Amino acid sequence: MYLISWMEDEARVEASLGGRVTAEEMAVLQDELADVIETLEHKPFLLVLDYAKAKGFDLDTRSVLADLKDFCFANGAAKIVSIVQDEDAMVSQCTERIQAILEGREELMLEPREIAWQAPATQVVRKAA
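The structure contained in this document is the topic of the report that follows. (Residues numbered from 1 in each chain as written. Predicted model: local features only at pLDDT ≥ 70, side-chain atom pairs only at ≥ 80, totals over all residues. Heavy atoms only, no water.)

A short note on the overall build of the protein chain
- Regarding its fold elements, the protein chain presents four helices and five strands.
- Long-range pairs, those at least 24 residues apart, make up 72% of the contacts in the protein chain with a sequence separation of at least 6. (Helix = DSSP H or I, 4+ residues; strand = E, 2+ residues; numbered from the N terminus. Contact = heavy atoms within 4.5 Å.)

Looking at the pairing of strand β3 (residues 45-54)
- Burial analysis of β3 places seven of its ten residues in the buried class, which makes it a mostly covered element.
- Summarising the sheet, strand β2 (residues 12-19) and β3 pair through seven bridges and their orientation is parallel. Within β3, the position partnered with Gly-18 by the bridge is Lys-53.
- Viewed along the sheet, the connection from β2 through helix α1 (residues 23-39) into β3 turns out right-handed.
- As judged from the six bridges shared by β3 and strand β4 (residues 77-83), these two strands associate in the parallel manner. (Buried < 20%, exposed > 50% of the residue type's maximum accessible area, 1.4 Å probe, protein only. Pairing = 2+ DSSP bridges. Right-handed = clockwise from strand over helix to strand, strands pointing away.)

Some points on the side chain of Lys-79
- The residue Lys-79 is located in strand β4 in this model.
- Within the local environment of Lys-79, its side chain forms a polar contact with the side chain of Glu-107, the two groups lying 3.1 Å apart. (Polar contact = N/O pair within 3.5 Å; in protein donor to acceptor, adjacent residues only side chain to side chain.)

Re the pattern of salt bridges
- This structure, assessed with the given rule, holds seven salt bridges.
- One salt bridge connects Arg-12 with Glu-14, and the closest N-O pair in it is separated by 2.7 Å.
- One salt bridge in this structure joins Arg-105 and Glu-103, with 2.7 Å as the shortest N-O distance.
- Here the salt bridges share partners, and the residues they tie into one network are Lys-69, Asp-70, Arg-97 and Glu-106. (Salt bridge = Lys/Arg side-chain N within 4 Å of Asp/Glu carboxyl O.)

Focus on the side chain of Arg-97
- By the element assignment, Arg-97 lies in the loop between α3 (87-96) and α4 (98-102).
- Excluding residues within four positions of it along the chain, Arg-97 makes contact with Ala-66, Lys-69, Asp-70, Phe-73 and Glu-106.

Digging into the packing of aromatic side chains
- On inspection of all chains with the given rule, the structure shows one aromatic pair.
- Ring geometry for Tyr-51 against Phe-57: centres 5.2 Å apart, planes inclined by 50 degrees, an arrangement best described as tilted. Neither Tyr-51 nor Phe-57 differs from the other in exposure class; each is buried.
- Lying across the ring of Phe-73, Arg-105 places its NZ or CZ 4.2 Å from the centre. (Phe/Tyr/Trp six-rings, centres within 6.5 Å; stacked < 30°, edge-to-face > 60°. Lys NZ or Arg CZ within 6 Å of the ring centre and 35° of its normal.)

Overview of the pairing of strand β1 (residues 2-7)
- Two elements, β1 and β2, share six bridges in a ladder whose sense is antiparallel. Each residue of the ladder has a partner; that of Leu-3, found in β2, is Ser-16.

Quick word on the environment of Gln-30
- Structurally, Gln-30 can be placed in helix α1.
- With a relative accessible area of 18%, Gln-30 lands in the buried category.
- Separated by 38 residues in sequence, Gln-30 and Leu-68 place their C-alpha atoms 5.6 Å apart.

Some words on the nonpolar core
- By size, the foremost hydrophobic cluster in this structure holds 29 residues, and its most contacted members are Met-26, Phe-45, Leu-47 and Cys-72.
- Broken down by secondary-structure element, the contributors of at least two residues to this core are β2, α1, β3, α2 (59-74) and β4.
- The dominant element in this core, judged by the number of residues it contributes, is α1, at six residues.
- By size, the runner-up hydrophobic cluster in this structure holds five residues, among which are Leu-46, Val-48, Val-81 and Met-109. (Core = buried A, V, L, I, M, F, W, Y, C linked by side-chain atoms within 4.5 Å.)

Okay, here's the thing in structure tokens:
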């Protein structure tokens with residue numbers, strides 16, 4: 001089960017997952033996110049994935065989650081913040097996503113808190129007459 005919220009004025013997309021999430025459901029979530037991302041027209045955005053209330057993911061589901069994150073980065077996500085279930089999940093995902101975390105593009109946290117994010121300014125192009 002999941003819920004997607006889109007705050008256009010903040011360039012922020014949130015997806016909350018709960019209960020038992022299968023690889024198939026994660027793939028459907030990716031399709032739903034693709035629809036939302038398409039409306040953003042490749043503008044940078046923050047993606048918050050809250051799966052603190054979800055039961056642990058099996059290998060297939062974690063693989064689809066990694067694909068979902070990579071898809072979002074390839075389609076405009078400037079940063080992805082994941083709110084994970086516990087410290088074990090944090091260690092596991094940190095190991096799996098170390099490159100993006102070291103680059104500062106991805107962040108893991110145990111509890112939702114104020115996430116520092118400022119939507120990039122819209123570029124204005126002016127041409128001389």
